[in-house]
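Per-entry structural report
Next come the chains, spelled out residue by residue.
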Amino acid sequence: MTAVQNPGKSYYVSTPIYYVNDRPHLGHAYTTVAGDVLTRWHRQRGERVWYLTGTDEHGQKIMRTAEANGVSPQEWCDKLVEEAWKPLWEHLEIANDDFIRTTEDRHTARVQEFVQDLYDKGEIYQGGYEGPYCVGCEEYKAPGELLDGEGEFAGQKICAIHKKPVEMLKEENYFFKLSEYGPKLLELYAANPDFIQPESARNEVVRFVEQGLQDLSISRSTFDWGVQIPWDPKHVIYVWVDALLNYATAVGYGSDQEKFESTFPADVHLVGKDILRFHAVIWPAMLMANGLPLPKRVVANGWLMVGGEKMSKSNLTGIAPQDLTEHFGVDAYRYYFLRAIPFGTDGSFSWEDFSARYTSELANDFGNLASRVAAMVGKYFDGVLPEAKASGPAEEALAAGLAKAVAESDDKIGEKLDFAGGIAAIFEFVKQVNGYLTEQEPWKVAKDESPEGQARLATILYAAAESLRGVAVLLNAVMPRVSGLLWDSLGAEPVLGALADQRIGEAGTWGTLPAGVTVTKGEILFPRLEEKK
RNA sequence: GGCGGCGUAGCUCAGCUGGUCAGAGCGGGGAUCUCAUAAGUCCCAGGUCGGAGGUUCGAGUCCUCCCGCCGCCA
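Predicted model, so just to flag it, every value in this text is computed and none were measured.

1. A closer look at the sheet that holds strand S15 (residues 298–301)
- Within the open sheet, the six strands sit side by side as S3-S2-S1-S14-S15-S9. Their pairing is parallel. Each edge of the open sheet carries a strand with a single partner, namely strand S3 (98–101) and strand S9 (196–197).
- Judged from the four bridges that link them, strand S2 (residues 49–56) and S3 form a sheet pairing that is parallel. Looking at the pairing, Gly-54 lines up with Ile-100 of S3.
- Docked against the sheet, helix H10 (residues 276–289) engages S9, strand S14 (268–272) and S15, running at close to 135° with respect to S14.

Rendered as structure tokens:
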């Protein structure tokens, strides 16, 4: 990690600028939840944070989809954004600071300025182009990467990704001198090995750039759903150039310099593997061309495999996030994908695995722990958390376990974006607390009515409750609602303040939860799942 | 067609530069506590490490070929 150069700068994370051609699916939600956990974590470190998401609404594909549905492109986007995208993020408790739409004036005006700047600097020139074009990909294809059509498309060339016929297009286009940035990009990758993650993705990008870059066609004149080229309004700006700029326009580029300087560039651009190249090649080249600072990291997450069926932009499965949250709940949903699949690698998901982890990890290990501790404080101390006056080695071991969980999860979640590893560290501690209770047997100690026995009982239950306090703080970023329930159950808020305000750095400070708080049993954290389905 | 990568216990996966590397979690089986969401804790896995050769004193761990997946490129 490099030292912070601008102390007042926000930790800035973006989701991909999602193409709003259709409703969001599991893959979109996976990336967005990851970014939400990452930013919530950094907020709990006490940092200034900016979490951006938004939608890419231009391009031929959207135009045609809208046409097919008998509405204007803008109406189509409005409907999807308002009825599907924004509601899903609310549903999943995504705490984004902004939601930018590329059809908004604050974006389009700045995009024109940016492109005009490049034009004025000689980074853009006019040229002609003719070739096979895939509407699905929104890009020209090299003849060699096309497949021969079969069945209804027999005799035609089809796109290898979309399996649909390509069209021969001829355009007078404007080109960005991307080819000149190959060496600089390779230098960037070499000087910053972490710029692209994971490593497998990085290697592919490096190899791609090493083979030599072509100049990028950045205008289209065959349709008009886009941002006009300022000096030649017959053209609209290539949708990806338009879209990528959201990461700058949304944080004040060209309009609010103070905001821009305190936010830009991004610390982390989260992307799917399919759009990695746009973010790791074109985007930094665009910024270099206009003398703007480059993002710190572009991190690609892997594919989710469902029952062996891979999901992708062009192969949507029928699974909506709501199909899962309905059964498992939002908190468990947020937890599951990050816990079960190492971030950055492809991973398979199944209903059965989700169900198994829910029952074993969330309900039995974690939820039940909270339940048994609250029940005992209620039963033996009338719900008033007693003081720990007889601590010993067992309690020291617990405190050390919590400190370790804090350190490990902070490094893994907050720095390495290893959500699975970080969550595992927290749950190892949960397991340790269960083991502690089994060894200490407070239910037996409770029968010893001597002062020593009662002091020991008080100490055990205090230690268990204090452990849960730490767990609530650490899990808040991942499962805000349930962690809040636990926080309430511990009676912590009146004395310690809101859960979201608890600092990660202090989460391991043993003895933070003061004796005397009112512990209540409260709502079951993770109810057992219904047998159905 | 060229180049990554993958194929390890029922399931999901760890196994860096070759010699406790045959593992973890879950499921399953057994024991045990009883505070708790019939939850907790402890014990039990003998799987030809995709297949066939080869290098080596010794190979999931290196080489060759083959089979099956996946990605990038052409």
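2. Let's talk about the pairing of S14
- Within S14, five of the five residues are buried, which leaves the element mostly enclosed by the surrounding structure.
- Burial along S14 is two-sided: Val-268, Leu-270 and Gly-272 facing one way and His-269 and Val-271 facing the other are all buried.
- In this structure, strand S1 (residues 11–19) lies alongside S14, joined through two bridges in parallel fashion. In the sheet register, Val-13 faces S14, and the bridge partner there is Val-268.
- Pairing analysis gives four bridges linking S14 to S15, with the strands arranged parallel. Note on S15: the bridge partner recorded for Gly-272 is Asn-301.

3. Looking at the sheet that holds strand S13 (residues 232–237)
- In spatial order, the strands read S11-S13-S12; together these three strands make up an open sheet with antiparallel pairing. With one partner strand each, in any of the chains shown, strand S11 (219–220) and strand S12 (228–229) form the two edges of the open sheet.
- When S11 meets S13, the two strands line up antiparallel, connected through two bridges. Looking across to S13, one finds that Ser-219 is bridged to Ile-237.

Rules and cut-offs
Counting restarts for each chain, with residues numbered from 1 along the sequence as it is written. To read the labels, note that chains go from A and ligands from 1, taken in the order they are written. Confidence filtering applies because this is a predicted model: local features only for residues at pLDDT of at least 70, side-chain atom pairs given and counted only at 80 or more, and all residues used for totals across whole chains, interfaces and linings. As a convention, hydrogens and water are excluded, and side-chain values are obtained from all of the structure's heavy atoms. Paired strands, as defined in this entry, are two strands with at least two bridges between them according to DSSP. Think of it this way: any DSSP run of H or I at least four residues long counts as a helix, any run of E at least two long counts as a strand, and we number them from the N terminus. By the convention used here, residues are in contact when the closest approach between their heavy atoms is within 4.5 Å. Orientation is described by lines fitted to C-alpha atoms, with helices fitted over the stretch in contact, and by angles between N-to-C directions that extend from 0 to 180 degrees. Think of it in three bands: with a 1.4 Å probe and only protein chains considered, a residue is buried below 20% of the maximum accessible area for its type, exposed above 50%, and partly exposed in between.

Shape is all these values report; function is a separate question.
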